[in-house]
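Residue-level listing of the chains:
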Amino acid sequence: MNILDLDHSLTAQAPIARRLACGRATRIDLLDLGPKLRLWSTEKTWKRFAERLAGRPRPTDARPEILFVGSGDYHHLTPAFLADLKEPISLIHFDNHPDWVRFAPKRHCGSWVNRALKMPAIKRIVTLGPCSDDLHNPQLRGGNLGALKRGQLQLFPWQHPPSKVWGRVGDGAGHQQQENHLHWRNLAQLDWAAFLEQMISGLPTEAIWITIDKDVLACEDAATNWDQGGMRLTHLLQALRALAARKRIIGIDVCGEFATPAFSNAFKRWEAKSDQPPQRWTPEDLQRNAATNEALIELFEELFP
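All of these numbers come straight from a predicted model, not from anything done at the bench. (Residues numbered from 1 in each chain as written. Predicted model: local features only at pLDDT ≥ 70, side-chain atom pairs only at ≥ 80, totals over all residues. Heavy atoms only, no water.)

A. Summary view of the sheet that holds strand E1 (residues 2–5). With respect to topology, eight strands assemble into an open sheet ordered E2-E1-E3-E11-E10-E4-E5-E6, the strand pairing being parallel. Sheet topology places strand E2 (26–29) and strand E6 (153–156) at the edges, where each strand pairs with a single neighbour. For this sheet, the mean angle separating the axes of adjacent strands, direction not counted, is 15°. Sheet topology places strand E3 (residues 65–71) next to strand E11 (residues 248–257); six bridges connect them, and they run parallel. Looking at the pairing, Ser-71 lines up with Glu-257 of E11. Where helix H10 (residues 283–303) meets the sheet, its contacts fall on E3 and E11, and the angle it forms with E11 comes to roughly 175°. (Pairing = 2+ DSSP bridges. Helix = DSSP H or I, 4+ residues; strand = E, 2+ residues; numbered from the N terminus. Axes fitted to C-alpha atoms, helices over the stretch in contact; angles between N-to-C directions. Contact = heavy atoms within 4.5 Å.)

This is the structure we're talking about:
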């Protein structure tokens, strides 16, 4: 298990500190690059990050690679973990945001799904759990509805009203178009176990990668830099068990900690202030992140001994 230390959010958490101390996790010091990578990255900084990442320890057996990444401001690092895939995969994406904005910078935490969709090894992305305003008039917000139309991307909100669209998107696994609205198949209203069975059965590959942004979780289970969804930790753990039982997981990355804002330039500070809720967590609130990470790590250790 690799701990990417970009923002100090992980290493003080007891479940991670214990595993670092006994050698069951490895800390990769990226604190010097953290502010430059946060929210978005230039190609120069990305190259430096990729070079450093290449030296990370990797599993030597059939167990998946597991990475904890820090704040959700770093979710755009996920394509770097997928850069040298040697087989076709499906990417299972838990998030309160679709991260599919087409007019954001290329290496941006709000647009990384589009980069992943262009990777030859990725045959489908399934996004589970968004509740955010990104699905309100998604075309005006730059949403990649073309990927939905082609079936490359399936999106299942946790709870969201119909989204107004212009033109024909058509029906998909997670939505139906009625006139000029997409009516979502909201997960909060479904039998979760039955949905998971159906979704997993329909995946086009035997191998999968799972990427988790903990802002998909309700505030009772996480405290993040972003607005949060409605999925509970019990739902997430159940989904991970179901995926592990039916598919071969080759990797898991987890972001969505809370990290005190630290950015490399004023524009990033403005962007974070515009897009993110004001800081509202107490030290006691932040303990939810450690508790959730403990539950995740214990499950990973059980599934992949």
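So much for the structure itself; the text now carries on.
B. Up close: the pattern of salt bridges. Counting across every chain of the model gives 20 salt bridges. We note a salt bridge from Arg-48 to Asp-32, for which the minimum N-O separation is 3.9 Å. A residue pair is termed long-range when its members are at least 10 positions apart, and Arg-48 in helix H3 (residues 43–53) and Asp-32 in the loop between E2 and helix H2 (34–37) qualify at 16 residues. We classify Arg-48 as partly exposed; its relative accessible area is 33%. Looking at Asp-32, the relative accessible area reads 43%, which means it is partly exposed. The salt bridge partner of Arg-38 is Asp-73, with a shortest N-O separation of 2.6 Å. You can see Arg-38 sitting in the loop between H2 and H3 and its partner Asp-73 sitting in the loop between E3 and helix H4 (78–81), a full 35 residues away along the chain. We note that Arg-38, like Asp-73, is buried. Look at the salt bridges and you will find they share partners, linking Arg-18, Arg-19, Arg-24, Glu-294 and Glu-301 into a network. (Salt bridge = Lys/Arg side-chain N within 4 Å of Asp/Glu carboxyl O. Buried < 20%, exposed > 50% of the residue type's maximum accessible area, 1.4 Å probe, protein only.)

C. Geometry of the side chain of Lys-268. On the secondary structure map, Lys-268 appears in helix H9 (residues 266–275). Among the polar contacts made by the side chain of Lys-268, one reaches the main-chain carbonyl oxygen of Pro-35 at a distance of 3.3 Å. (Polar contact = N/O pair within 3.5 Å; in protein donor to acceptor, adjacent residues only side chain to side chain.)

D. Molecular detail of the layout of surface pockets. In this structure, the largest pocket spans a volume of roughly 630 Å³. Along the wall of the largest pocket there are 27 residues; nearest its centre are Val-101, Gly-110, Asp-134, Trp-226 and Asp-275. When residues of the lining of the largest pocket are assigned to their parent elements, the largest contribution, five residues, is made by H9. Here the residues of the lining of the largest pocket are counted per class, giving ten nonpolar, seven polar and ten charged. In this model, the second largest pocket occupies a volume close to 480 Å³. Lining the second largest pocket we find 19 residues, and of these Met-1, Arg-24, Arg-63, Pro-64 and Ile-66 sit closest to its centre. Counting only elements with at least two residues in the lining of the second largest pocket, the list comes to E3 and H10. When residues in the lining of the second largest pocket are grouped by element, the largest group, three residues, is from H10. Looking at side-chain class alone, the lining of the second largest pocket contains ten nonpolar, three polar and six charged residues. (1 Å grid on protein atoms, 1.4 Å probe; cavity = no way out; pocket = protein on both sides within 12 Å on 5 of 7 lines; lining within 4 Å. Points joined across faces, edges and corners; volume = space filled by probe spheres on them. Nonpolar A, V, L, I, M, F, W, Y, C, P; charged D, E, K, R; others polar.)

E. Main features of helix H8 (residues 233–246). Spanning 14 residues, H8 covers 20 Å between terminal C-alpha atoms, matching the ideal 20 Å at 1.5 Å per step. Within H8, burial applies to Leu-233, Leu-236, Ala-239, Leu-240 and Leu-243. Along H8, the residues classed as buried sweep out an arc of 125° about the axis, all on the same side. With respect to the buried face of H8, the exposed residues turned more than 90 degrees away are Thr-234 and Ala-245. Contacts made by the buried residues of H8 are with strand E4 (89–94), helix H7 (192–201), strand E10 (207–213), E11 and H10. (Expected span 1.5 Å × (residues − 1). Arc of directions from axis to C-beta.)

F. Summary view of the sheet that holds strand E7 (residues 163–164). As summarised here, the arrangement of the three strands in space is E7-E9-E8, forming an open sheet in which the pairing is antiparallel. Edge positions in the open sheet fall to E7 and strand E8 (175–178), since each of these has one partner strand only. Sheet analysis places E7 next to strand E9 (residues 181–184), joined by two bridges and oriented antiparallel. Residue pairing in the sheet places Lys-164 in a bridge with His-181 of E9.

G. Inspection of the pairing of E11 at higher detail. The buried count for E11 comes to nine of ten residues, which makes it a mostly enclosed element. With seven bridges joining them, E10 and E11 adopt parallel strand pairing. Across the sheet, residue Ile-212 finds its bridge partner in E11, namely Val-254. Handedness of the crossover joining E10 and E11 through H8: right-handed. (Right-handed = clockwise from strand over helix to strand, strands pointing away.)

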